[in-house]
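# Architecture at a glance
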Amino acid sequence: MFRGIGFLMKYTWKVEKRYIFYQILLQILTAVVPLADIVIPKCIIDELMGAQRVDVLLGWTALLLAINLLGNWLISFLDGNSFTLLSKVFTSFQAMMADRLSRSDYARLEDPKFLDIKAKAEKFIYANGQGFGQVMRSAFSVFGKLFTFAGIVAVISTLNTWVVLALVALVLVNALFESKVRKQTTAWDLEKAPIERRTSYFLDLVENFAFGKEIRLYGMKDWIVGKVREHLQVSERFYARQTRLLNQARYLSAFTNFVLKGIAYGYLIVSVVKDLIGIGDFTMYMSALLNFSAAMRELMESLLNIRQFAGYYDALMEYMDVPQRMYEGRRLPVPQRPYELRFEDVSFRYPGQENDVLKHISITLRDGEKLSVVGENGAGKTTFVKLLCRFYDPTEGRITLNGADIRDLDYDQYMALIGSVFQDYKLLAFTVKENVAFQHAEQEEDGRIRDILMRSGLAHRLETLPRGVHSHIYRTFDEDGFEPSGGEGQKIALARAIYKNAPIMVLDEPTAALDPRAEYEIYRNFSQLTEGKTTVFISHRMSSSKFCDHIALFKNGEIAQYGTHEELMARSGDYKELFDMQAQFYR
Ligand code: ADP
């Protein structure tokens, strides 16, 4: 039950030690200040009922007020600052989760099981809408309550033991039921997480304007909203069930509270009437008993919070245990150039699929070689480069770089070797410069970025932008943002690859969205763009194969033909057929 807390305490200690000290002090104070309110009034009343000495009355009153003022000032200070310190811990934790996600194997991001685990783990941060801040406070309050009890017990130990035991029993009955309720609520919460993930996907469909065209033109508004509603209704049923259960716990709590106060008042009134205790004692015992039951309830509440949280902790651990295979295992440094890349009898099947999409691929790429990969849709071309980029690892066979299995190489170092342009490149809502140079943007000279954009063909458009390379892409954060057309976006994506200047280039239909002139320019400059780089170039423009050293024609996941353009044109076969098919309209 305390595992989650142990983890959090260690984490907080690492990030912000002051929080722990502040909380300890805060707990001691919150225990001591109310004690003054219990004991001192008795002394005042006793004095009032007895000698009524002014100096004694003044003395007690001054002490009570001083403890209250100073105590509460300190409590406010510690409480307020704890909040700020905890925010720091919280931010650091969120950053750690984001880091974890960005290091996840690419394959996981497409795996719904992983995304569901992630949604559950997030409950650890945001549980009950307050998340681990509340639980940290609960943990410290358990500790603080020990002080409160010690004080109160010292006061009421003079009273009838049976009465005290009866009160404890009542609080326990309450806690027992509440604990069952919490356990159930946690289970429901975790069950609900995947549903909520789907709901937010559908909500995003409606809100995100990227989907706006399809939704309008295909008239799917009602259909999508229907799906949102369906999922929300499932969530609603969860909430209704939870509320019913929570209400039962509240009714029970109100009832035990009623019995508790009844016993306390009854017993104390009878004691005063029988002259067993004075009025001063009556007030002291009364407030001690009420404080006792409140403290007991808070203690139970805190323990239950912690326990409920333990359920989320298990989900978090499951998430943390998801292997980051790409970053684990051997991490050899990447070898020196020249590079020879080899696919050795590589087969690949997407996780959860029935058939191999690549079958026994063997191919060698020498340093500086340009390989054109052609073939019909679904032949496996993109999958081939995804394996080369280590987004996935082969199911069978291996890919080597100078003889070393790329799985054994340091992942970040290997990634640094590859520059790429994918069909589904993504631009960020940052400046053009940041979109090209990313983390290096700040130190990079604007001139260099402009040169690169000139090479990728964006120069003319860039001149029309008032803020040049500092123009924001999209209007997400800037109303004067630049909305690139498909072709312009592709030119920026190409500029990234040029900027990265990596020894291996992967170009997956990099000119698909370009106009004929822009495409012509890229092709004309192709040898310059890829000079000295090992390049894998996927294109449906068969003519582009002419300036590659070799062509691999993929068919149903296999390399059906391999050779130079001239060799393949000299034979009859798919390559010649596809080439002639496309060429006939150009004559
Ligand atoms: P190409 O680039 O030649 O058009 P791909 O390599 O993209 O072909 O796809 C090859 C096959 O693998 C296709 O049948 C496609 O449906 C399947 N495929 C691609 N991506 C995935 C994926 N993430 N999960 C499952 N199957 C996939």
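Quick caveat, the model's predicted, so the values are computed rather than measured. (Residues numbered from 1 in each chain as written. Predicted model: local features only at pLDDT ≥ 70, side-chain atom pairs only at ≥ 80, totals over all residues. Heavy atoms only, no water.)

### A closer look at the sheet that holds strand S10 (residues 558-563)
Pairing is mixed across the open sheet formed by 6 strands, whose spatial order is S6-S7-S8-S3-S9-S10. Since the sheet does not close on itself, it has two edges, and those belong to strand S6 (418-421) and S10, each with one partner. Mean inter-strand twist for the sheet, computed between neighbouring axes without regard to direction, equals 15°. Two strands pair when backbone bridges link them, and S6 and strand S7 (residues 504-508) are joined in this way by 4 bridges, in the parallel orientation. Paired with Val-421 across the bridge in S7 is Leu-507. On the sheet, helix H10 (residues 381-388) packs against strand S3 (370-375), S6, S7, strand S8 (534-538) and strand S9 (550-555) and is oriented at approximately 155° with respect to S8. (Pairing = 2+ DSSP bridges. Helix = DSSP H or I, 4+ residues; strand = E, 2+ residues; numbered from the N terminus. Axes fitted to C-alpha atoms, helices over the stretch in contact; angles between N-to-C directions. Contact = heavy atoms within 4.5 Å.)

### As for the site of the ligand
In the vicinity of the ligand there are 13 residues, among which Gly-378, Gly-380, Lys-381, Thr-382 and Thr-383 approach most closely. Tyr-350 has a polar side-chain atom sitting 3.3 Å from a nitrogen atom of the ligand. Interatomic distance of 3.1 Å between a backbone N/O atom of Ala-379 and an oxygen atom of the ligand. Bound to the protein, the ligand loses 65% of the 560 Å² it would expose on its own. Tallied by class, residues from the shell around the ligand come to 4 nonpolar, 6 polar and 3 charged. (Near = heavy atom within 4 Å. Polar contact = N/O pair within 3.5 Å; in protein donor to acceptor, adjacent residues only side chain to side chain. Areas by Shrake-Rupley, 256 points an atom, 1.4 Å probe, with all protein chains shown as cover. Nonpolar A, V, L, I, M, F, W, Y, C, P; charged D, E, K, R; others polar.)

### Some words on the side chain of Gln-490
Along the chain, Gln-490 falls in helix H15 (residues 486-500). Reaching out from Gln-490, the side chain makes a polar contact with the backbone oxygen of Glu-509 at a distance of 3.0 Å. If sequence neighbours within four positions are ignored, Gln-490 has contacts with Tyr-425, Glu-509, Pro-510, Thr-511, Ala-512, Ala-513 and Leu-514.

### Side note on the nonpolar core
Phe-93, Phe-124, Ile-156, Leu-268 and Leu-316 are the most contacted members of the largest nonpolar core, which has 64 residues in total. If one sorts the elements of this core by residue count, helix H9 (residues 279-321) sits on top with 19 residues. Not counting residues within four places of it along the chain, the set of residues in contact with Leu-268 comprises Leu-159, Ile-277, Phe-282, Tyr-285, Met-286 and Leu-289. Counting 36 residues, the second-largest nonpolar core is a separate cluster that includes Phe-348, Ile-361, Cys-389 and Ala-552. (Core = buried A, V, L, I, M, F, W, Y, C linked by side-chain atoms within 4.5 Å. Buried < 20%, exposed > 50% of the residue type's maximum accessible area, 1.4 Å probe, protein only.)

### Remarks on the pairing of S7
S7 sits mainly inside the fold: 5 of its 5 residues count as buried. Of the two faces of S7, both are covered, the one formed by Ile-504, Val-506 and Asp-508 as well as the one formed by Met-505 and Leu-507. With 5 bridges joining them, S7 and S8 adopt parallel strand pairing. Looking at the pairing, Leu-507 lines up with Phe-537 of S8.

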